[in-house]
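# Breakdown of the fold
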Amino acid sequence: MDSEFRRNPEWLLEQIEKEQRRERRGRLKIFLGYASGVGKSRKMLSEGLRRRERGEDVVVGAIQPKSSPEIDRLLSQYEIIPTRNIAGKDVIDVERILRRHPQVVLIDGLAYDNPPGSRHAHRWQEIEELLEAGICVITSINLQYIEDLQDEVSSITGKRPKETVPRSFLEQADDIEIIDAPAQAGFSRLRELALLVAAEVVESELRAYLRAHHIDEIWGTQERILVGITPRSDARPILESGRRNADRFHGELFATYVRQTTLSPDDQAALDRNLAIARELGAAVHVLEGHDPVRPLVTFAHEKGITQIFIGHSLRRGWWHRLRGNPVERLIGLAEGIDVRVFPQRPGP
Amino acid sequence: MSQSEPAARGHLKVFLSYAAGAGKTYRMLEEAQELKKRGVDVVVGYFEPHGRKDTIEKTEGLEIIPRRKIEYRGCMFEEMDTEAILKRAPKVCAVDEFAHTNVPGSERSKRWEDVMVLLNAGIDVLTTMNLQHLESLNDQIWHITGVRVRETVPDWVIKQADEVVMVDVTPEALINRLRRGVVYESDKASRALENFFKEQTLVALRELALRQAAHEVEVRAEEERPTDRILIHVTDEPTTAMLIRRGRRVSDYLRAECFAIYVAPAGDLSSLPPQERESVERHLNFARNLHIETRILQGQNAAATLVDFAHRHQITQIFLARSRSRRWKLLPPGSLVSQVLRLAQDIQITVIAERRKRNL
């Protein structure tokens, strides 16, 4: 069993403290859209009103500068703690919100920078403070403000906003909800990206759940492709196909090598070349140990939730095969719950 | 344009989500209201209130086409009245529950087929569907939820939709709604909470739905010529259905062309024992329903015939089911898989996993 699960008192204490901190902390919910005008504000404000009907104490801590009659109608039903305008920037009034201490505060617009000299440089850091104080925050963001996606987004929109929010802040949200709507021509890639960001946040939620409940299983919500490499395999076409498939499925790519014996200098060089190709194609490379080429691969695949294994046709003939059977066929037999794709191999030099 | 010219096909928009109560019907009706406000001639063709107050309020002011009553085994059922909608000929029609199966005795067996009729008549359709009804995901949904979904929609039908919009909601909010009885009345609610509405199940379904929606957006954005050609080997074994679904799904993602092949020693199905014949026919029909080209080939040796076909038709991938010996986790010697592996060293061969129901 993983050391993570070992029941030592220090670890337990740490878990309890973490749990308590989580309980005291406010919940963070983020509405994510791929562009402005998809309806985030409306969705947020309606949710706030529903919560209030159910008896929660909800206030608004920041609104968007652009409004519409419908938004105004929703806002008119709220207690609003206005933002302060400092040096031409809208800054949320953290102190007033802390003093008022509602159960829930709505902050429409997560990606704002504060003027120099403020307590925090970014609005998301102020939200962090509200959460620490036990206030739940509901907020909204457009895809273009997520730091790690800026290159790709700006290549589509031609604009690059200065304000950004780190993706890790989104990933630690308790809830993320996507506001989807048909996109104008040319912008569907943004829509796709937003859906995938949400899918990844949900995936990490699922993994955390399965880990916490000691469920060791492949659910296959995300395709994970593992390429099994040997020194003599013609690895490039397999790895390239793995990359293409992983991209198509928006999945992950892994590559492994099972180290069995010491290799001849030639084999070692061939292996290094293959592993370099794997890294170049962005595969997560793992070297496994074992004197059987098949079992460690299958064990690793099950641990990582692999859904497809890609390998080359076995070219080796010899006593080992006569004794244990063809390794490709053994792999197919053992890799329960996993698709196995066998690739053509050019005979080596 | 002259009057006799056939109307252009209607525009299909699908609101996709992953569970009842996510707000699909609400979103659909909201859009219908929006269209009406802009002066578009819109009607509600079918609407399932499920006793939800918010949703019912959203139909206010919209014209609802009365349902058609159909008697079946002494009971009265109500279905969408497709003929009445055609006669009324609106510009846009809202149709709830795309994956619904009509009661026997209806004109068409599936609601999506009714929708096709409306589209062909030039009527735009707004509709709702949950991801778990998508045919190619059937085994995976079964694995995750333990529920075998019977009402499915072939993937090509969704491919025909002009727009697929994800209606997102967090599993927590969904469970809350269910507990408060917004989604179902309370007796149904506790049952629903037991299987589909377990939080981890919802999280997994949600992730699948988000990825599916992203995929739907992606395929609509680009047109690419297929380079891969996939061959699926059909047998009378029950694993064939799983193999066909998986092959279809991979083909869709790789934009590959897809064939399903059965090899018969006599060249046709007539000499097969009745039970085997019935299974093979069912599998070939299933493949055709998923828009996979099917062939029956004559050959004494299935492996050799498949590989020969693959070579002659530039197949790039052969999909096979695992043949497993009963006692060992090993391929039985001389199995079809090992024969094909030996014969087709120049083609990719994919042996698919048997997806099984989880221990819940």
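This is a predicted model, so every value here is computed, not measured.

This paragraph deals with the overall build of chain A. The helix and strand tally for chain A stands at 13 helices and 12 strands. Computed over its C-alpha atoms, the radius of gyration of chain A comes to 26 Å, more than 25% above the 20 Å expected for a compact globule of 349 residues. For chain A, the spread of C-alpha atoms along the principal axes amounts to about 80 × 55 × 40 Å. Taken over 349 residues, chain A has a buried fraction of 39%. For chain A, the proportion of contacts with a sequence separation of at least 24, taken over those separated by at least 6, is 71%.

Secondary structure summary: chain B contains 13 helices and 13 strands in total. Counting only residues that meet the buried cut, chain B has 45% of its 360 residues in that class. Relative to all contacts within chain B whose residues are 6 or more apart in sequence, the contacts with residues 24 or more apart total 72%.

Residues and elements named next belong to chain A. Taken in spatial order, the 5 strands of this open sheet run 2-5-6-1-7, and their pairing is parallel. Edge positions in the sheet fall to strand 2 (58-62) and strand 7 (175-179), since each has one partner strand and no second. Put simply, the sheet's adjacent strands are angled 20° from each other on average, direction ignored. For strand 5 (residues 104-107) and strand 6 (residues 136-142), the ladder comprises 4 bridges, and the chain directions are parallel. Note on strand 6: the bridge partner recorded for Leu-106 is Ile-138.

Turning to the environment of Leu254(B), a few remarks are in order. In this fold, Leu254(B) is placed in helix 10 (residues 239-254). Residue classification places Leu254(B) among the buried positions, given that 21 C-beta atoms sit within 10 Å.

What follows is about the packing of helix 9 (residues 235-248) of chain A against helix 10 (residues 265-280) of chain A. All names here are of chain A. Orientation of helix 9 relative to helix 10, taken along the N-to-C sense of each, is 15°, at an axis distance of 10 Å. It follows from the interaxial angle that helix 9 and helix 10 lie roughly parallel. Where helix 9 crosses over helix 10, the two elements pack in a sense that is right-handed. Contacts between helix 9 and helix 10 involve Ala-235, Arg-236 and Leu-239 on the former and, on the latter, Asn-274, Ile-277 and Ala-278. Across the contact of helix 9 with helix 10, the residue classes break down as 4 nonpolar, 1 polar and 1 charged.

In this section: the pairing of strand 5 of chain A. Residues in a regular strand project their side chains so that they alternate between the two faces of the sheet. All names here are of chain A. Burial along strand 5 is two-sided: the face carrying Val-104 and Leu-106 and the face carrying Val-105 and Ile-107 are both buried. In the sheet, strand 2 pairs with strand 5 via 4 bridges, with the strands oriented parallel. Looking at strand 5, one finds that Val-60 is bridged to Leu-106.

Domain parsing of chain A yields domain 1 (23-212) and domain 2 (224-343). Using only C-alpha atoms to locate each centre, domain 1 of chain A and domain 2 of chain A end up separated by 43 Å.

Quick look at the nonpolar core now. In this structure, Leu32(A), Leu195(A), Ala198(A) and Leu16(B) are the most contacted members of the largest nonpolar core, which totals 113 residues. Ranked by residues supplied to this core, first place goes to helix 8 (residues 188-212) of chain A with 11 residues. Ignoring sequence-local partners within four residues, the contact set of Leu195(A) consists of Ile178(A), Asp180(A), Met166(B), Leu210(B), Ala213(B), Ala214(B) and Val217(B). Core analysis: the second largest hydrophobic core is formed by 74 residues, Ala301(A), Val263(B), Ile347(B) and Ile352(B) among them.

Turning to unusual backbone geometry, a few remarks are in order. Backbone geometry at His101(A) places phi at a positive 45°, although glycine is not the residue there. Among the secondary structure elements, His101(A) is positioned in the loop between helix 4 (94-100) and strand 5. Non-glycine residue Arg255(B) carries a positive phi angle of around 50°. Looking at where Arg255(B) falls in the secondary structure, it is placed in the loop between helix 10 and strand 10 (257-264). Exposure remark for Arg255(B): the 15 C-beta atoms within 10 Å place this residue in the partly exposed category.

A few words on the environment of Leu210(A). Mapped onto the elements, Leu210(A) comes out in helix 8. With 21 residues separating them in the primary sequence, Leu210(A) and Arg189(A) have C-alpha atoms 31 Å apart.

Time to look at the sheet that holds strand 10 (residues 284-289) of chain A. Read from one edge of the open sheet, 10 strands run 10(A)-9(A)-8(A)-11(A)-12(A)-13(B)-12(B)-9(B)-10(B)-11(B), paired in mixed fashion. Looking at which strands have only one partner, the edges of the open sheet turn out to be strand 10 of chain A together with strand 11 (293-298) of chain B. Taking each pair of neighbouring strands and ignoring which way they run, the sheet shows an average axis angle of 25°. Across the sheet, helix 10 of chain B lies against strand 9 (229-234), strand 10, strand 12 (317-321) and strand 13 (348-352) of chain B, angled at about 175° from strand 9 of chain B, the strand it touches most. Against the sheet, helix 12 (residues 302-312) of chain B contacts strand 9, strand 10, strand 11 and strand 12 of chain B, and its axis sits at roughly 145° relative to strand 10 of chain B.

All names here are of chain B. The N-to-C vectors of helix 10 and helix 11 (residues 274-289) enclose an angle of 15°; their axes lie 10 Å apart at closest approach. Between helix 10 and helix 11, the interaxial angle falls into the category roughly parallel. Pair helix 10 / helix 11 crosses with right-handed handedness. Mapping the contact onto sequence places Thr-240, Ala-241 and Ile-244 in helix 10 and His-283, Phe-286 and Ala-287 in helix 11. Class assignment of the residues belonging to the contact of helix 10 with helix 11 gives a composition of 4 nonpolar, 2 polar and no charged.

All names here are of chain B. With 5 of 5 residues buried, strand 2 (residues 42-46) is to be regarded as a mostly interior element. As paired elements, strand 2 and strand 6 (residues 92-95) share 4 bridges and run parallel to each other. Opposite Val-42, over in strand 6, you have Val-92 as the bridge partner. As paired elements, strand 2 and strand 3 (residues 63-64) share 2 bridges and run parallel to each other. If you follow Val-43 over to strand 3, its bridge partner there is Glu-63.

All names here are of chain B. Each assigned domain of chain B is listed here: domain 1 (12-221) and domain 2 (229-352). For domain 1 versus domain 2, the separation of C-alpha centres amounts to 34 Å. Residue-level contacts link 7 residues of domain 1 with 8 residues of domain 2. Mapped by element, the contributors of at least two residues to the side of domain 1 that touches domain 2 are helix 5 (138-145) and helix 6 (155-159). When grouped by side-chain class, the residues that make up the side of domain 1 that touches domain 2 number 2 nonpolar, 2 polar and 3 charged.

Turning to the interface of chain A and chain B, a few remarks are in order. Listed as interface residues are 42 residues of chain A and, on the opposing side, 42 residues of chain B. At the level of elements, strand 7, helix 8, helix 13 (327-334) and strand 12 (339-343) of chain A are the ones that each hand at least two residues to the side of chain A that touches chain B. Among the elements that take part in the side of chain A that touches chain B, helix 8 of chain A stands out by supplying 13 residues, more than any other. Split by residue class, the side of chain A that touches chain B holds 20 nonpolar, 8 polar and 14 charged. Across 3 bridges, the pairing between strand 12 of chain A and strand 13 of chain B is antiparallel. In the sheet register, Arg341(A) faces strand 13 of chain B, and the bridge partner there is Thr350(B).

The rules we used
Residues numbered from 1 in each chain as written. Chains lettered and ligands numbered in written order. Predicted model: local features only at pLDDT ≥ 70, side-chain atom pairs only at ≥ 80, totals over all residues. Helix = DSSP H or I, 4+ residues; strand = E, 2+ residues; numbered from the N terminus. Rg over C-alpha atoms; globule rule 2.2 N^0.38 Å. Buried ≥ 20, exposed ≤ 12 C-beta atoms within 10 Å, placed from the backbone. Contact = placed C-beta atoms within 7 Å. Pairing = 2+ DSSP bridges. Axes fitted to C-alpha atoms, helices over the stretch in contact; angles between N-to-C directions. Parallel < 35°, antiparallel > 145°, perpendicular 65-115°, else oblique. Left-handed = near helix turned anticlockwise from the far one by under 90°. Nonpolar A, V, L, I, M, F, W, Y, C, P; charged D, E, K, R; others polar. Domains from an automatic or database assignment. Core = buried A, V, L, I, M, F, W, Y, C linked by C-beta atoms within 7 Å.

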